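Report on the structure
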Amino acid sequence: MNKCELLKLAPPEITAEMKEFARKDILMMRRPGNSLTYQYGRYYRVKTEGKYLLVSIFLTD
């Protein structure tokens, strides 16, 4: 793997549909500790470019 080659690749961007879904995500009380978390909390976007698999992880926080 060549680092220069990897730096030229553009990561997958978040879509308007993903933003809307994250906006509607429900804030829930989890036990133990009674901490507030989102129902989903993470959204993934994946694409292939040449021989590479690019993954972007988006968090609701």
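These remarks concern the structure in this document. (Residues numbered from 1 in each chain as written. Predicted model: local features only at pLDDT ≥ 70, side-chain atom pairs only at ≥ 80, totals over all residues. Heavy atoms only, no water.)

**Observations regarding the overall build of the chain**
Heads up, the condition is: Strands are runs of DSSP state E lasting at least 2 residues, helices are runs of H or I lasting at least 4, and numbering of each runs from the N terminus. For the radius of gyration, the atom set is restricted to C-alpha positions; the globular benchmark scales as 2.2 Å times the number of residues to the power 0.38. Each residue is placed in one exposure class: buried if its accessible area under a 1.4 Å probe, protein chains only, is under 20% of its type's maximum, exposed if it is over 50%, and partly exposed if it falls in between. We call two residues contacting when some pair of their heavy atoms lies within 4.5 Å. Note on areas: Shrake-Rupley with a 1.4 Å probe; residue coverage comes only from the protein chains shown.
Looking only at helices and strands, one finds two helices and four strands in the chain. The globule rule puts the C-alpha radius of gyration for 61 residues at 10 Å, and the 16 Å found for the chain is more than 25% above it. Projecting the C-alpha coordinates of the chain onto the three principal axes gives extents of approximately 45 × 25 × 15 Å. Residues classed as buried in the chain amount to 15% of the 61 residues present. Within the chain, counting contacts between residues at least 6 apart in sequence, those at least 24 apart form 38% of the total. As presented, the chain carries roughly 5400 Å² of accessible surface, and 56% of it is formed by carbon and sulfur atoms.

**Some points on the pattern of salt bridges**
A side chain of one charge can pair with a side chain of the opposite charge when the charged atoms of the two come close. In plain terms, the rule: The salt bridge definition used is simple: a Lys or Arg side-chain nitrogen within 4 Å of an Asp or Glu carboxyl oxygen.
If you walk through the whole model with that rule in mind, you get three salt bridges. Across the pair Lys-24 and Glu-20 runs a salt bridge whose closest N-O atoms are separated by 3.7 Å. Here Glu-49 makes a salt bridge to Lys-47, at a shortest N to O gap of 3.4 Å. Residue Lys-47 is classed as partly exposed on the basis of its relative accessible area, which comes to 29%. Each member of the salt-bridge network shares a partner with another, and the members are Glu-20, Arg-23 and Lys-24.

**A word on the side chain of Ser-56**
For clarity, the cut-off: Here a polar contact is recorded for every N or O atom pair within 3.5 Å, except that within protein the pair must consist of a potential hydrogen donor and a potential acceptor, and residues adjacent in sequence are included only if both atoms are side-chain atoms.
Looking at the element boundaries, Ser-56 is found in strand S4 (residues 52–59). For Ser-56, a relative accessible area of 9% gives the class buried. A distance of 2.9 Å separates a polar side-chain atom of Ser-56 from the backbone oxygen of Pro-12. In this structure, Ser-56 is in contact with Pro-11, Pro-12, Tyr-43, Tyr-44 and Arg-45, ignoring residues within four places of it in sequence.

**A look at the pairing of strand S2 (residues 35–38)**
This is how the line gets drawn: At least two DSSP bridges between two strands are needed for those strands to be called paired.
Across four bridges, strand S1 (residues 27–30) lies against S2 in antiparallel orientation. Among the inter-strand pairings, Met-28 is bridged to a residue of S2, identified as Thr-37. The antiparallel hairpin formed by S1 and S2 contains four residues in its connecting segment, where Gly-33 sits at a positive phi of about 90°.

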